[in-house]
Amino acid sequence: MPKVGMEPLRRSSLVAATIEEIGRAGSLDVTVSQIARRAGVSSALAHHYFGSKDQIFLAAMRHILRLYADQVRDALATASSPLQRVEAIITASFAADNFAPATITAWLNFYVQARNSRDAARLLAIYQRRLGSNLLAGLRPLLGADAPRVADGLAALIDGLYIRQALSPMPPEPQEACALALSYLTASLKDAE
C-alpha cells in the first residue's frame, strides 16, 4: 500500500536528483536509473511519476524557473525605482542558488533541448518573454524608445554568461557575472544621456 503524502516528496527528490545528475554528467547523458538511484527510489517509480527522462528534465527546469521567478519577485518587491528594478533582476539572475554549477549545466542543456523539444521550446519562450518584459518595465522610464534594444542586450548577456560559465572549467563567480551585467546597464544608460 502506498504511503499517503509521499508522492510530492518523491517527485521533489527526483527533480533535485535530476539537476544533480545532469550537473555531474555535464549533459543529459544520464539515465532514469541514475536519477532514481540518487533520489533513493526505483526507476519504475520515476517512470510512473514522470513518464520519461524528458519529462523529468522538464520538471527539473520548471523547478529551476520557479525558484528563479521567486527570487526575481522578491528582489522586485524591494525595488523603489526603475533603475533598482532592473538591477534587482540582474542581481537575482546571478544569485548563488541560480548560478550554481548543476543549475548552470541544466540551463545549457535546456537551451539545447529547446531546439528539439516543443515542450522545452515553449518553456524557454515563456522564460524569455518574462525576462524581457521585466527588463522593459524598468528600462522604459529610463531609456524610452531605446529600452527594447537594451533589454535584448541584457537578456542576451545574462543567457550568454550562463553559457560561458557552463563551458568554463573554473567554478562560477556570481559576483563577477553580476558586475559585468550591471556594467553593461551602466554603459547603456550613459550612452542614452
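Residues numbered from 1 in each chain as written. Predicted model: local features only at pLDDT ≥ 70, side-chain atom pairs only at ≥ 80, totals over all residues. Heavy atoms only, no water.

1. A look at the overall build of the protein
The test is simple: For the purposes of this entry, the term helix denotes a DSSP run of H or I that reaches at least four residues, the term strand denotes a run of E that reaches at least two, and both are numbered from the N terminus. Buried means the residue's accessible area, taken with a 1.4 Å probe over protein chains only, is under 20% of the maximum for its type, while exposed means over 50%, and partly exposed covers the values in between. Whether two residues are in contact is decided by their heavy atoms: any pair within 4.5 Å suffices. A 1.4 Å probe and the Shrake-Rupley method give the accessible areas. Residues count as covered only by the protein chains that appear here. Neither His nor the chain termini are counted; the positive set is Lys and Arg, and the negative set is Asp and Glu. By convention, charge coordinates are those of NZ in Lys, CZ in Arg, CG in Asp, or CD in Glu.
Per the secondary structure count, the protein includes 9 helices and 0 strands. When the helices and strands of the protein are placed in sequence order, the string is α-α-α-α-α-α-α-α-α. Seen along its three principal axes, the alpha-carbon backbone of the protein occupies a region of about 65 × 35 × 30 Å. Among the 193 residues that make up the protein, the fraction classed as buried is 40%. For the protein, contacts bridging at least 24 residues in sequence account for 67% of all contacts bridging at least 6. Accessible area for the protein stands at about 10,400 Å²; split by element, carbon and sulfur atoms hold 55% of it. Each charge class in the protein was averaged separately, 20 positive and 17 negative side chains, and the resulting centres sit 8 Å apart.

2. What about the side chain of Glu21?
Tracing the sequence through the fold places Glu21 in helix α1 (residues 6-25). Once you skip the residues sitting within four places of it in the chain, Glu21 turns out to touch Val30, Gln34, Ile35 and Arg38.

3. Side note on the packing of aromatic side chains
Stated precisely, the cut-off is as follows: Working definition: a ring pair exists when centres of Phe, Tyr or Trp rings (six-membered ring for Trp) sit within 6.5 Å. Plane angles under 30 degrees give stacked, over 60 give edge-to-face, the rest tilted.
Considering all chains together, one arrives at 8 aromatic pairs under this definition. Taking the centre distance of 5.7 Å and the plane angle of 70° together, the rings of Trp107 and Phe110 count as edge-to-face. Taken as a pair, Trp107 and Phe110 lie in helix α6 (residues 101-113) at a separation of 3 residues, close to a single helical turn. Residue class for Trp107 comes out buried when judged on its relative accessible area of 4%.

4. Here we look at the pattern of salt bridges
Basically, it comes down to this: Salt bridges are defined as contacts in which a side-chain nitrogen from Lys or Arg sits within 4 Å of a carboxyl oxygen from Asp or Glu.
Considering all chains together, one arrives at 6 salt bridges under this definition. With a shortest N-O distance of 2.9 Å, Glu7 and Arg11 are connected by a salt bridge. Pair noted here: Glu7 and Arg11 are both in helix α1, with a separation of 4 residues, about one helical turn. With a relative accessible area of 38%, Glu7 lands in the partly exposed category. A salt bridge links Glu21 to Arg38, with the shortest nitrogen-to-oxygen separation between them at 2.5 Å. Here Glu21 is found in helix α1, whereas its partner Arg38 is found in helix α2 (residues 32-39), with 17 residues between them in sequence. Residue classification places Glu21 among the buried residues on the basis of a relative accessible area of 5%. Look at Arg38 and you get partly exposed, because its relative accessible area is 39%. One salt-bridge network, held together by shared partners, links Glu20, Glu21, Arg24 and Arg38.

5. Considering the side chain of Gln113
Note the cut-off: In protein, a polar contact requires one atom able to donate a hydrogen and another able to accept it; more generally it is a pair of N or O atoms within 3.5 Å, and residues adjacent in sequence count only if both atoms are side-chain atoms.
Relative to the elements of secondary structure, Gln113 occurs in helix α6. The exposure class of Gln113 is buried, given its relative accessible area of 14%. Of note is the side chain of Gln113, whose polar atom sits 3.3 Å from the side chain of Asp54. Not counting residues up to four positions away in its chain, the partners in contact with Gln113 are Leu28, Asp54, Phe57 and Ala120.

6. A few points about the nonpolar core
Note the following rule: Think of a nonpolar core as a cluster: buried Ala, Val, Leu, Ile, Met, Phe, Trp, Tyr and Cys residues, connected wherever their side-chain atoms sit within 4.5 Å.
Membership of the largest hydrophobic core comes to 62 residues, with the highest contact counts inside it found for Phe94, Trp107, Leu135 and Leu139. Broken down by element, this core gets its largest block of residues, 12 residues, from helix α4 (residues 53-77). When near neighbours in sequence (up to four residues on either side) are disregarded, Leu135 contacts Val86, Ile89, Ala151, Leu154 and Ala155.

7. What about the packing of α1 against helix α3 (residues 43-50)?
Quick reminder of the rule: Note on definitions: angles span 0 to 180 degrees between N-to-C directions of axes, and those axes are lines fitted to C-alpha atoms, for helices only across the stretch in contact. Comment on the angle field: the value is read as roughly parallel under 35 degrees, roughly antiparallel over 145, roughly perpendicular from 65 to 115, and oblique elsewhere.
Look at α1 against α3: their axes get within 11 Å of each other, and the N-to-C directions meet at 100°. Taken together, the axes of α1 and α3 lie roughly perpendicular to each other. Together, Glu7, Arg10, Arg11, Leu14 and Val15 of α1 and Leu45, Ala46, Tyr49 and Phe50 of α3 make up the contact between the two elements.

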